[in-house]
Protein chains: 2
Amino acid sequence: MDLLKKKILEEGSVEEGDILKVDSFLNHQLDIAFLNEIGKEFKRLFSDKKITKILTLETSGIAIASITAQYFNVPVVFAKKIATKNLDKETYESDVYSYTKRRTYKIKVSKKYIKPDDHILIIDDFLANAQAALGLIDIINQGSATLEGIGIVIEKGFQDGGKLLRERGINLKSLVIIDSLEDGKITFR
Amino acid sequence: MDLLKKKILEEGSVEEGDILKVDSFLNHQLDIAFLNEIGKEFKRLFSDKKITKILTLETSGIAIASITAQYFNVPVVFAKKIATKNLDKETYESDVYSYTKRRTYKIKVSKKYIKPDDHILIIDDFLANAQAALGLIDIINQGSATLEGIGIVIEKGFQDGGKLLRERGINLKSLVIIDSLEDGKITFR
């Protein structure tokens, strides 16, 4: 997606530890007009799939998933990262290891919102080691729902998450794949 | 907003501790078509204001703010609740006390995204004690931006946040105000 590459080159910055910071439009400030372009692109990429629900993970997936959901006319469910007071006791849970934060956290989705007749599209901002994606897939499986695909805004191609998911035969579409962030230089595939 | 009252009566449930659970459309599953109706209503209520940015707080404000922003053609900025690796060092910060969680947490917004020429609309899902709203106002003031108003989906009228903000002359609009959740019964104002 050329528009996204342009946006990343213009507004993104590379931080220590292979972090690509896109706070101006994706992770802190949200460029809603631009997110609509992302939503349209996801719709184009998954137009052959019958989607009933979009699943994402709090926090940074919520805005992208919500804007994208408008093009599919479906609700969004976001997995919660910690046990909160207001969450149903009846939840599907999975453990996710964060390489960035070097700790394992639990993600939870109420059983009410993942049903066997659901055809689910996972949407998230970044794909690196695919730990979050695997946790969400685990939850979809626990709910006996169908995973129709995974839409990622920015895939870090130099980490093994994309390879791992594609080898499993998962219908993964990343809007851009970054091959390297070495020396602060962003190299797209 | 009658549509919202109907939705709350049909899908909401009252939990211990005066908690109104609206997980089916607002706080876990997101009914995006319905959030668009909420967005249109906020636009109608603040149509006389020149808004340049919508400010909200992670997590539960993000979807509402993002959908609403489409009707104002402005970006969203969401305040972050914890110090994360990827956040700018240059941030405005404020302390927020959560009555629900009985602890104080820090909220942060990068200085890049709150500017003196910004006219800001705060959007959030719930208003109870207004601690989060006061934290966001504090951040707007630190950035010398202008607060144009606060749009709340559900105000708990039996807690003092609404009164406190209105007494300060703040342009607060709540789509519904709940006067009581006693005995599990939802009473609207």
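In case you missed it, the structure is sitting above this.
What you see is a predicted model, and the numbers here were worked out from it, not measured in a lab.

Asks: Would you mind going over the overall build of chain A with me for this structure?
Replies: Counting secondary structure elements, chain A contains six helices and 11 strands. Taken over C-alpha atoms, the radius of gyration comes to 16 Å for chain A, in line with the 16 Å a tight globule of 189 residues would show. Once the C-alpha set of chain A is aligned to its principal axes, its extents read approximately 45 × 35 × 35 Å. When burial is assessed residue by residue, chain A has 57% of its 189 residues classed as buried. Summarising the internal contacts of chain A: among those between residues at least 6 apart in sequence, 61% fall at separations of at least 24.

Asks: Got a minute to help me understand the sheet that holds strand β5 (residues 76-79) of chain B in this structure?
Replies: Sheet strands associate in pairs through backbone hydrogen bonding, adopting either a parallel or an antiparallel arrangement. Pairing is mixed in the open sheet, where seven strands are placed in the order β3(A)-β5(B)-β4(B)-β8(B)-β9(B)-β10(B)-β11(B). Of all strands in the sheet, those bounded by a partner on one side alone are β3 (29-30) of chain A together with β11 (187-188) of chain B. Helix-sheet contacts for helix α4 (residues 62-72) of chain B involve β3 of chain A together with β4 (53-57), β5, β8 (119-127) and β9 (146-156) of chain B, and the interaxial angle to β4 of chain B is about 170°.

Asks: Where do I start with the environment of Gly12 of chain B in this structure?
Replies: Residue and element names in this part refer to chain B. Considering the arrangement of structural elements, one finds Gly12 in the loop between α1 (2-11) and β1 (13-15). Separated by 108 residues in the primary sequence, Gly12 and Ile120 place their C-alpha atoms 30 Å from one another. Beyond its immediate sequence surroundings of up to four residues, Gly12 is in contact with Lys7, Lys21 and Val22.

Asks: Explain the relation of the copies chain A and chain B here, please?
Replies: Applying a rotation about an axis and a shift along it to one chain copy brings it onto the other copy. With an RMSD of 0.0 Å, chain A superimposes on chain B once it is rotated by 180° and translated 0.0 Å along the axis. Such a turn and shift between the copies fits a two-fold axis. Here 100% of the contact residues of chain A are again contact residues in chain B; the copies associate through an equivalent surface.

Asks: Would you explain the pattern of salt bridges in this entry?
Replies: Oppositely charged side chains are able to pair whenever their charged atoms sit close together. Residue and element names in this part refer to chain A. For the structure shown, the criterion picks out 26 salt bridges over all chains. In this structure, Arg166 and Glu155 form a salt bridge, with 2.8 Å as the shortest nitrogen-oxygen distance. You can see Arg166 sitting in helix α6 (residues 161-167) and its partner Glu155 sitting in strand β9 (residues 146-156), a full 11 residues away along the chain. Owing to a relative accessible area of 34%, Arg166 belongs among the partly exposed residues under this scheme.

Asks: Quick question: what am I supposed to make of helix α3 (residues 32-45) of chain A here?
Replies: Turn by turn, an α-helix covers 3.6 residues, leaving residues three or four places apart pointing in a common direction. Taking 1.5 Å per residue, 14 residues should reach 20 Å; α3 of chain A reaches 20 Å between its end C-alpha atoms and fits that length. For α3 of chain A, the complete set of buried residues consists of Ile32, Phe34, Leu35, Asn36, Ile38, Gly39, Glu41 and Phe42 of chain A.

Here is what the cut-offs are and how they apply
By convention here, each chain's residues receive numbers from 1 onward along its written sequence. Whichever chain is written first is A, and whichever ligand is written first is 1; the rest continue in order. Local features are withheld for residues below a pLDDT of 70 in this predicted model, meaning they are given only at 70 or higher, and side-chain atom pairs are given and counted only at 80 or more; totals for whole chains, interfaces and linings count all residues. Hydrogens and water are ignored here; the side-chain numbers use all heavy atoms of the structure. Working definition: helices are DSSP H or I runs of at least four residues, strands are E runs of at least two. Numbering for both runs from the N terminus. Computation of the radius of gyration draws on C-alpha atoms alone. For the globule rule, the value is 2.2 Å times the number of residues to the power 0.38. Accessibility here uses a 1.4 Å probe with only protein chains present; expressed as a share of the type maximum, an area under 20% marks a residue as buried, one over 50% as exposed, and anything in between as partly exposed. Residue contacts are defined here by distance: any two heavy atoms, one from each residue, within 4.5 Å place the two residues in contact. Strand pairing is assigned whenever DSSP identifies at least 2 bridges connecting the two strands. Here an axis means a line fitted to C-alpha atoms, over the contact stretch when the element is a helix, while the angle between two N-to-C directions is reported on a 0 to 180 degree scale. Least squares is the method for superposing the copies, and the C-alpha atoms it fits come from residues with pLDDT of at least 70 in both. One side-chain nitrogen of Lys or Arg within 4 Å of one carboxyl oxygen of Asp or Glu is enough to make a salt bridge. Given the number of residues in a helix, its expected span is that number minus one, multiplied by 1.5 Å.

Nothing here speaks to function; it is geometry throughout.
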